[in-house]
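Residue-level listing of the chains:
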Amino acid sequence: MSTTPIDIDHAAALRLWHEYVRARPEAAASDPSFTVEHFGDTPELADELLDAVVSGAKRATSALVR
């Protein structure tokens, strides 16, 4: 298992957010902020989980709250 840290591409996230705001201004107006997050703790796992989301195999997420 790789331990390579995940680098978040904030510029790409900002471009995606701006595209969303242009496409859905009424939805974005209710909360103009956004959060950049990822699945997994390595780039490889993030890609694997993203593939599962895009294919429809993964449709929910949960987290342990302490």
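Everything in this summary refers to the structure shown in the same document. Because the structure is predicted, anything quoted here is derived from the model rather than measured.

Some remarks on the overall build of the protein
(1) Moving on: When its secondary structure is counted, the protein shows three helices and zero strands.
(2) Moving on: Projected onto the principal axes, the alpha-carbon positions of the protein cover approximately 40 × 30 × 25 Å.
(3) Moving on: Of all 66 residues assigned to the protein, the portion counted as buried reaches 8%.
(4) Moving on: Restricting the contact set of the protein to residue pairs at least 6 apart, pairs at least 24 apart contribute 49%.
(5) Moving on: Carbon together with sulfur atoms contributes 56% to the accessible area of the protein, which is approximately 5700 Å² in total.
(6) Moving on: Positive and negative side-chain charges in the protein, numbering 6 and 11 respectively, have mean positions lying 8 Å apart.

A few points about the packing of aromatic side chains
(1) Moving on: Under the criterion given, the structure shown has two aromatic pairs.
(2) Moving on: An angle of 25° between the planes, with centres 5.4 Å apart, marks the rings of Trp 17 and Phe 34 as stacked. Of this pair, Trp 17 sits in helix α1 (residues 10-23) while Phe 34 sits in the loop between α2 (25-30) and α3 (43-55), and the two are 17 residues apart along the sequence.
(3) Moving on: Of the aromatic side chains, those joined through ring pairs into one cluster are Trp 17, Tyr 20 and Phe 34.

The rules behind the values
Residues numbered from 1 in each chain as written. Predicted model: local features only at pLDDT ≥ 70, side-chain atom pairs only at ≥ 80, totals over all residues. Heavy atoms only, no water. Helix = DSSP H or I, 4+ residues; strand = E, 2+ residues; numbered from the N terminus. Buried < 20%, exposed > 50% of the residue type's maximum accessible area, 1.4 Å probe, protein only. Contact = heavy atoms within 4.5 Å. Areas by Shrake-Rupley, 256 points an atom, 1.4 Å probe, with all protein chains shown as cover. Lys, Arg positive; Asp, Glu negative; His and termini not counted. Charge placed at Lys NZ, Arg CZ, Asp CG, Glu CD. Phe/Tyr/Trp six-rings, centres within 6.5 Å; stacked < 30°, edge-to-face > 60°.

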